[in-house]
Structures are given as C-alpha cells and as structure tokens.
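# Observations on chain architecture
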Amino acid sequence: MRVALAQILATDDPKANLELVRDHTALAAQQGAAVVVFPEATMCRFGVSLKPVAEPLDGPWATEVRSIAEQHGVLVVAGMFTPTDDGRVTNTLLAVGRGVDTSYDKIHLYDAFGFAESDTVAPGSSPVVVEVDGETIGLAVCYDIRFPELFRALADRGASTVLLPASWGAGPGKVEQWELLVRARAIDSTTFVAACDQADPLASGVDPGKAPRGVGHSLVASPFGVVVESLEADPGLLVVDVDTASVARTREVLPVLANRRM
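Residues numbered from 1 in each chain as written. Predicted model: local features only at pLDDT ≥ 70, side-chain atom pairs only at ≥ 80, totals over all residues. Heavy atoms only, no water.

Stated formally: UniProt positions are given in the numbering used here, feature names are shortened, and annotations may be inferred rather than shown by experiment.
Looking at an unreviewed UniProt entry, the protein carries the name Carbon-nitrogen hydrolase family protein, with the source organism given as Actinomycetospora termitidis. Word for word, the UniProt comment on the protein under Sequence similarities (unreviewed entry) is "Belongs to the carbon-nitrogen hydrolase superfamily. NIT1/NIT2 family."

Okay, structure coming up:
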C-alpha cells in the first residue's frame, strides 16, 4: 500500500488550505499513492478561533475534499473541525475516497504543556478503522499517540496501519518525543504508524505563537519500531510503500497482542 504524507503548513484560511489539499493530492496520485494523509487542523491552523470555521461533514469544505479524492481515486485523510451543540467544536479527521466516507473525532484532547484543547474542543468517544483495498487502517490524531490503549484497540479491530495526523506542539525535547512515541506505538500495536505533522512554522519564517502549530518530522514507523522514512521540518511530501503483509509475520515472532494479560 503506497501512502503519501503531505506535511503542509496550514493557514487560517480554509479555502487556501483546500488548495494545498488539491495540489498535494494530485502530486501524490501522480506518484501512485492510494492513501494521502494531511495533518491535524488542515482546515484551519490552531491559534485562531475555530468555531467560526467549523462546518458539518456535509458542508462545503468536506464536500470539496470528497471531490478531490474522487477526482484522483485516492483515500484522503485530513483534519477539520465540526460544530457541536455545546458551543465547542470537534477535532475531526475526515476520511473520504476509494469507497470510504467516514470520520474520526479525536478522543484524547491536548490538555498538557500549558495548553487546554478541551476549552474549545469536545472529545470523541469511539475508535475508527476503515477498509481500503482489502487493508484495515486505523485513525488517530496527535495527542492520541501518548495512549497505547487506543493503538492496541485499533489493532484489535484489524488495523495493520494507523494513520496519525498531528499538529505537534513545539518545545524542548518535543521532536524527540514525537519520534519516540510514534515508534513506540508501532511496537505496542505491531502496526505501521504513518504520522503526518504540520510543517514547522519557524522553518518557513512564521511566528507560531503559543498554539501547537507543528514541528514537521513526519515519519512512517514499522511494527518493529524502525523508521522507514521521514521528513525534516520544512513542508514536503513523503511517499512510502507500506508492506502490510509483513505485519502478520511480525505478530508471529513478536506476539505482544496475543501475550497480553489484562
């Protein structure tokens, strides 16, 4: 399964960000990708009010992403925001194309390192997997990476690969934590983890402010926790062939899921 990670630097303009989705999806499809992953908050960057930009899953932003996915015959996974009844928004992954039309609402909210996502974002409650070309793929978002239970729950639902869009908060040691956690969750669940972060604003000369805007360093980790390929801080497109058939072989020699004692 060929997976593309589109490490973009989203703006506060959803229409401009749609153009990034359009351009990167076209480029990924030209390189044979079946799955194109965009970061968390692709619809609109963090650091601005999200309520005015939130739209339902059948709204114009999501509808245009569906059109892009259909045009290129790929699964597009991208972070957006949907409205809630309590005045907050939901941090949602839209997953559309290649016979899939669903979403995942981020379960674990980033109430850490002095940031309180739950002030403005309502949590999701259910893990989500999708089927693409006979492969089961799990969905997770950013701070979810610190919770191995979710990744094992996705593996229990048949996932051989987990897609992890993110807008990772910067700070001392945060890049190292990002890579370590992606690799650890791959080992915990014996899945591939394809983690797509927002590009680092500082690398493009943009002041990130205090919000989690991304650090770049998108990567794919194997079920043994080996980094298959990765990017640096700048915007870029990473296209990787994920050997999903190797997951079963890994689970034969490293049966951590079967050996669990709760």
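And the narrative resumes.
## Describing the sheet that holds strand 14 (residues 227-230)
The condition is simple: A strand pair is defined by DSSP finding two or more bridges across the two strands. Strands are runs of DSSP state E lasting at least two residues, helices are runs of H or I lasting at least four, and both sets are numbered from the N terminus onward. The axes used here are C-alpha line fits, helices contributing only the stretch in contact, and every angle between their N-to-C directions lies in the interval 0 to 180 degrees. Here, two residues are considered to be in contact whenever any of their heavy atoms come within 4.5 Å of each other.
Pairing in this open sheet of six strands is mixed, and the strands run 9-10-11-12-13-14 from one edge to the other. Strand pairing shows two members of the sheet lacking a second neighbour, strand 9 (128-132) and strand 14, which therefore form its edges. On average, each strand axis in the sheet is tilted by 20° relative to the strand beside it, whichever way the strands run. In this structure, strand 10 (residues 135-139) lies alongside strand 11 (residues 161-166), joined through three bridges in parallel fashion. Directly across from L139, in strand 11, lies its bridge partner L163. Running over the sheet, helix 3 (residues 148-156) touches strand 9, strand 10, strand 11 and strand 12 (192-197) and is turned about 140° from strand 11.

## Examining the UniProt feature "domain: CN hydrolase" (unreviewed entry) in the protein
When the UniProt feature table is mapped onto this chain numbering, "domain: CN hydrolase" (unreviewed entry) sits at residues 1-244. Secondary structure content for residues 1-244 is 23% helix and 30% strand, and the end C-alpha separation is 7 Å.

## A few points about the nonpolar core
Note the following rule: Grouping buried Ala, Val, Leu, Ile, Met, Phe, Trp, Tyr and Cys residues that are joined through side-chain atoms within 4.5 Å yields what is termed a nonpolar core. Partly exposed describes any residue whose relative accessible area lies between the buried limit of under 20% and the exposed limit of over 50%, with all areas from a 1.4 Å probe on protein chains only and scaled to the type maximum.
With 48 residues, the main nonpolar core has V35, L139, L164 and V182 as its most contacted residues. Here the element with the most residues in this core is strand 12; it accounts for five residues. When neighbours within four sequence positions are excluded, V35 is seen to be in contact with M1, R2, V3, A4, L75, V132, I137 and L163. Membership of the second largest hydrophobic core comes to 33 residues, among which are I8, A33, F38 and V65.

## Examining the side chain of S222
Note on placement: S222 falls in the loop between strand 13 (219-221) and strand 14. When near neighbours in sequence (up to four residues on either side) are disregarded, S222 contacts A186, T191, F192 and V228.

## Quick word on helix 4 (residues 174-189)
This is how it is decided: Take the residue count of a helix, subtract one, and multiply by 1.5 Å to get its expected span. Working note: the arc is built from the helix axis to C-beta atom directions.
Here helix 4 is 16 residues long and its end C-alpha atoms lie 22 Å apart, about the 22 Å a rise of 1.5 Å per residue gives. Among the residues making up helix 4, those that are buried are K174, W178, L181, V182, R185, A186, D188 and S189. In an axial view of helix 4, the angular spread of the buried residues amounts to 165°, which keeps them on one side of the axis. In helix 4, the exposed positions angled more than 90 degrees off the buried face are occupied by E176 and L180. T190 sits one or two residues past helix 4 and shows a positive phi near 45°.

## Quick notes on the packing of helix 1 (residues 14-30) against helix 2 (residues 60-72)
The line we're drawing: Convention used here: angles under 35 degrees read as roughly parallel, angles over 145 as roughly antiparallel, angles from 65 to 115 as roughly perpendicular, and any remaining angle as oblique. Handedness of a helix crossing follows the sense of rotation of the near helix relative to the far helix, less than a right angle counterclockwise being left-handed and clockwise being right-handed. Only Asp, Glu, Lys and Arg are considered charged, only Ala, Val, Leu, Ile, Met, Phe, Trp, Tyr, Cys and Pro nonpolar, and every remaining residue, Gly among them, polar.
Two elements in contact, helix 1 and helix 2, have axes separated by 10 Å at closest approach and are oriented at 15°. When the axis of helix 1 is compared with that of helix 2, the two are roughly parallel. Along this stretch, helix 1 crosses helix 2, giving a crossing that reads as right-handed. Mapping the contact onto sequence places P14, L18, V21, R22, T25, A26 and A29 in helix 1 and W61, E64, V65, I68 and H72 in helix 2. A breakdown of the residues in the contact of helix 1 with helix 2 according to their chemical character gives eight nonpolar, two polar and two charged.

## Digging into the pattern of salt bridges
As a working rule, side chains carrying opposite charge can pair if their charged atoms are close by. Put simply, the rule reads: Salt bridges are defined by distance alone: a side-chain nitrogen of Lys or Arg within 4 Å of a carboxyl oxygen of Asp or Glu.
With the rule as written, the count across this model stands at twelve salt bridges. Of the charged contacts, one joins R88 and D86 as a salt bridge, the two residues approaching to 2.9 Å between their closest N and O atoms. Since its relative accessible area comes to 24%, R88 is described here as partly exposed. Salt-bridge contacts for D243 lead to R249; the nearest nitrogen and oxygen are separated by 3.3 Å. We classify D243 as partly exposed; its relative accessible area is 39%. When salt bridges with common partners are traced through the structure, they connect E19, R22 and E64 into a single cluster.

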